[in-house]
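# Structural overview
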Amino acid sequence: MSIEYTGINKETVAGEIKNYLDSCPDDSVFKMVINSKRGYLRLKIKNASKNRLKTFFGKFRRKRPAP
């Protein structure tokens, strides 16, 4: 979901980011990109449980003995 705001002040931005963070579970993992040259902030939730499964299967594949 994406919401675009134009012509807003700093307090509105801070409030929207706070609301977004409050709506996420406490164990959430985020990826944040700040580009000051272009003037944007990108905040994204990374799916921690999905990454753990990928890591587990990756380790399992590497440890399998050769036939």
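Source: prediction; values computed, not measured.

Okay, the packing of aromatic side chains next. Each aromatic ring pair is described using two quantities: the centre-to-centre distance and the angle formed by the ring planes. Applying the stated criterion across every chain yields a total of 1 aromatic pair. Here the aromatic rings of Tyr20 and Phe30 are separated by 6.4 Å at their centres, their planes lie at 65 degrees, and the arrangement is edge-to-face. Of this pair, Tyr20 sits in helix 1 (residues 10–22) while Phe30 sits in strand 1 (residues 29–35), placing them 10 residues apart in sequence. Take Phe30: its relative accessible area is 30%, and that puts it in the partly exposed class.

Here we take up the pattern of salt bridges. Throughout the structure, instances matching the rule amount to 1 salt bridge. Asp22 is paired through a salt bridge with Lys18; the nearest N and O atoms lie 2.9 Å apart. Highlighted residues: Asp22 and Lys18, both in helix 1, separated by 4 residues, approximately one helical turn. The pair Asp22 / Lys18 is uniform in exposure class, with both members exposed.

The grouping of Ile3, Tyr5, Ile8 and Val13 at the surface amounts to a nonpolar patch, some 340 Å² of accessible area in total. Take Ile8: it is sitting in the segment before helix 1.

Relative to strand 2 (residues 40–46), strand 1 runs antiparallel, the two sharing 7 bridges. Note that in strand 2 the partner of Phe30 across the bridge is Ile45. Connecting the antiparallel pair strand 1 and strand 2 is a turn made up of 4 residues, with Gly39 showing a positive phi of about 75 degrees.

What follows concerns the confidence of the model for the protein. Summarising the model, the protein shows a mean pLDDT of 76, and 66% of its residues fall at 70 or more. Across the protein, element-level confidence peaks in helix 1 with a mean pLDDT of 88 and bottoms out in helix 2 (residues 48–63) with 62.

Turning to a positive patch on the surface, a few remarks are in order. The grouping of Lys31, Arg42, Lys44 and Lys46 at the surface amounts to a positive patch. Examining the composition of the positive patch, we find that 3 residues originate from one element, strand 2, more than from any other. Classification of Arg42 by relative accessible area gives partly exposed; the value is 47%.

Rules behind the numbers
Residues numbered from 1 in each chain as written. Predicted model: local features only at pLDDT ≥ 70, side-chain atom pairs only at ≥ 80, totals over all residues. Heavy atoms only, no water. Phe/Tyr/Trp six-rings, centres within 6.5 Å; stacked < 30°, edge-to-face > 60°. Helix = DSSP H or I, 4+ residues; strand = E, 2+ residues; numbered from the N terminus. Buried < 20%, exposed > 50% of the residue type's maximum accessible area, 1.4 Å probe, protein only. Salt bridge = Lys/Arg side-chain N within 4 Å of Asp/Glu carboxyl O. Patch = residues over 30% accessible without salt bridge, like charges linked within 9 Å, V, L, I, M, F, W, Y side chains within 5 Å. Areas by Shrake-Rupley, 256 points an atom, 1.4 Å probe, with all protein chains shown as cover. Pairing = 2+ DSSP bridges. pLDDT = per-residue confidence, 0-100. Lys, Arg positive; Asp, Glu negative; His and termini not counted. Charge placed at Lys NZ, Arg CZ, Asp CG, Glu CD.

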